[in-house]
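Structural features, examined
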Amino acid sequence: MSSLDATAFDLRVLTRTPAADGVVLLELAAMEGGPLPSWLPGSHVDVILPSGDTRQYSLCGEPGASTWQIGVLREEDGRGGSLWLNDTVDVGDTLRVAGPRNHFEFVPERGTRYVFIAGGIGITPIRRMLDAAASGSVDYELHYAGRSRATMALLDDVLSAHPGRVHVYAADEGARLDLATLYGDMAPFTTTYCCGPARLIEAVETAAVGRQVKVERFEAKEFGAPVWAEPFEIELAFSGETLVVPPERSVLDVLEENGTLVLSSCREGTCGTCETRVMEGEIEHRDSILSPDQQAANDVFYPCVSRASCPRLVLEL
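Basis of the calculations
Residues numbered from 1 in each chain as written. Predicted model: local features only at pLDDT ≥ 70, side-chain atom pairs only at ≥ 80, totals over all residues. Heavy atoms only, no water. Phe/Tyr/Trp six-rings, centres within 6.5 Å; stacked < 30°, edge-to-face > 60°. Buried < 20%, exposed > 50% of the residue type's maximum accessible area, 1.4 Å probe, protein only. Lys NZ or Arg CZ within 6 Å of the ring centre and 35° of its normal. Pairing = 2+ DSSP bridges. Helix = DSSP H or I, 4+ residues; strand = E, 2+ residues; numbered from the N terminus. Axes fitted to C-alpha atoms, helices over the stretch in contact; angles between N-to-C directions. Core = buried A, V, L, I, M, F, W, Y, C linked by side-chain atoms within 4.5 Å. Contact = heavy atoms within 4.5 Å. 1 Å grid on protein atoms, 1.4 Å probe; cavity = no way out; pocket = protein on both sides within 12 Å on 5 of 7 lines; lining within 4 Å. Points joined across faces, edges and corners; volume = space filled by probe spheres on them. Nonpolar A, V, L, I, M, F, W, Y, C, P; charged D, E, K, R; others polar. Salt bridge = Lys/Arg side-chain N within 4 Å of Asp/Glu carboxyl O.

Quick notes on the packing of aromatic side chains
- In the structure shown here, the tally under the stated rule is eight aromatic pairs.
- With 6.3 Å between their ring centres and 20° between their planes, Y114 and F116 make a pair best called stacked. Each member of the pair, Y114 as well as F116, carries the same accessibility label: buried.
- Through a chain of ring-to-ring contacts, the aromatic side chains of F104, F106, Y114, F116 and Y193 assemble into a single cluster.
- Stacked on the ring of Y140, the Lys or Arg R165 has its end atom at 4.3 Å from the ring centre.

Shown next as structure tokens:
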């Protein structure tokens, strides 16, 4: 179950538009009209399902518009959220949402070149990054891969809005994204933003070793056994209370059991809702959000999955 109820609100489905084979765009509006919270490219929202579970979807409409737009890929072998949104939700229905949040923020910097890589539905957070890059007067290009052009959402949109900057790789046409060549020929001071299937992100991270890469994952990373296999303590700095986290429990579970409120959503380290500041101690990061540099700062973690790699953490709670 999600703990977002205190911050969630209802939106009305204003329109639904087929965007590609198996992809629908849902336009969401405030129940009584009026503006919605502002957002920047890379933002996502939580959609709370009838079961109480949550799913995260990137915002891909106009950032300054009075409505929000999300793209949803219908996944037959998924966990049910995309099937419900594609097959059941219709114009006029109400969706319970929370957010927006942004752990994939893009703000163009002069002198930096940007390469955007999208796989399938991974185009949704990147769509408005392209506009921001264009208006920011920086050099940029998009490499967009999919099974076929018919399955690639927003393809015509990005081709027309960014002529000469979009490279399309449709598998049924025999086109293949050659990451080794892309990164081998890449100019200095280039930053990559990548979103898509896990195998694409892993391939990009491998090819781009030593370069600045920012990614957003739909699926949690896989990890082995924790580094610290023993119980460890967490001290709550505001109350001075100390709790013990056994190996088989998450920090979030122990906090909730103790009555400490930490907003959470995905519980698998992909959404960022439960971000918590760490004041002392060494963290074993097991999330799918933070970059290596952010992890090395050792100042925040996601208690739904991350743990201590030492006997004690002090949390800003």
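More follows now that the structure is in view.
Comments concerning the sheet that holds strand β2 (residues 23–30)
- The strand order β4-β3-β6-β1-β2-β5 describes an open sheet built from six strands, whose pairing is antiparallel. If you trace the sheet from one side to the other, it starts and ends with β4 (54–58) and β5 (68–73), each paired once. Averaged over neighbouring strand pairs, the angle between their axes works out to 40° when direction is ignored.
- Both strand β3 (residues 44–48) and β4 contribute to a ladder of five bridges, which runs antiparallel. The residue bridging I48 from the neighbouring strand is T54, located in β4.

Notes on the nonpolar core
- F106, F116, I123, I126, L142 and Y144 are the most contacted members of the largest nonpolar core, which has 29 residues in total.
- Looking at this core, the elements with two or more residues in it are β2, β7 (113–119), α2 (123–135), β8 (140–146), α3 (155–161), β9 (166–170) and β10 (190–196).
- Top element by residues in this core is α2. It accounts for six residues.
- The contact partners of F116, leaving out residues within four places of it in the chain, are F106, I126, M129, L130, A133, Y140, E141, L142, H143 and Y193.

Digging into the sheet that holds β9
- Read across the open sheet, the five strands follow the order β9-β8-β7-β10-β11; overall the sheet is parallel. Strands with a single pairing partner mark the edges of an open sheet, and in this sheet they are β9 and β11 (212–217). Direction aside, the axes of adjacent strands within the sheet are offset by 15° on average.
- Alignment of β8 against β9, held across five bridges, turns out to be parallel. Residue A145 lies in a different strand from β9, and its bridge partner there is Y169.
- The sheet strands contacting helix α5 (residues 198–207) are β7, β10 and β11, and the helix crosses β10 at an angle near 160°.

Concerning the layout of surface pockets
- In this model, the largest pocket occupies a volume close to 1300 Å³.
- Along the walls of the largest pocket sit 45 residues, with L73, I121, G196, P197 and F218 positioned nearest its centre.
- A per-element tally of the lining of the largest pocket places β4 first, with four residues.
- Class assignment for the residues of the lining of the largest pocket results in 18 nonpolar, 15 polar and 12 charged.
- Here the second largest pocket is characterised by a volume of approximately 670 Å³.
- Forming the walls of the second largest pocket are 30 residues, and the residues nearest its centre are Q212, V213, K214, V215 and S291.
- Counting only elements with at least two residues in the lining of the second largest pocket, the list comes to β10, β11 and α7 (292–297).
- A breakdown of the residues in the lining of the second largest pocket according to their chemical character gives 12 nonpolar, 10 polar and eight charged.

Overview of the side chain of H162
- With respect to the helices and strands, the residue H162 is situated in the loop between α3 and β9.
- A relative accessible area of 4% places H162 in the buried class.
- Apart from the residues lying within four places of it in its own chain, the contact partners of H162 are R127, L130, D131, A134 and Y140.

Things to note about the environment of S135
- Position of S135 relative to the elements: it lies in helix α2.
- Along the sequence, S135 and S288 sit 153 residues apart, while their C-alpha atoms lie 30 Å from each other.

Topic: the pattern of salt bridges
- All chains considered together, the criterion is met by 20 salt bridges.
- When salt bridges that share partners are traced, they join E62, R127, R128, D131 and D157 into one network.

Side note on empty space enclosed by the protein
- According to the stated counting rule, one finds two cavities of 30 Å³ or more in the structure shown.
- Lining the largest cavity, in full, are H44, H103, V215, E216, R217, T270, C271, S288 and I289.
- Element by element, the count of residues in the lining of the largest cavity is highest for β11, at three residues.
- Taken together, the residues of the lining of the largest cavity sort by class into three nonpolar, four polar and two charged.
- Of the pockets and cavities examined, the second largest cavity occupies roughly 30 Å³.
- Along its surface, the second largest cavity is lined by G196, P197, A198, I201, R217, F218 and E219.
- Of the residues assigned to the lining of the second largest cavity, the class counts are four nonpolar, one polar and two charged.

Worth remembering: the numbers are spatial, not functional.
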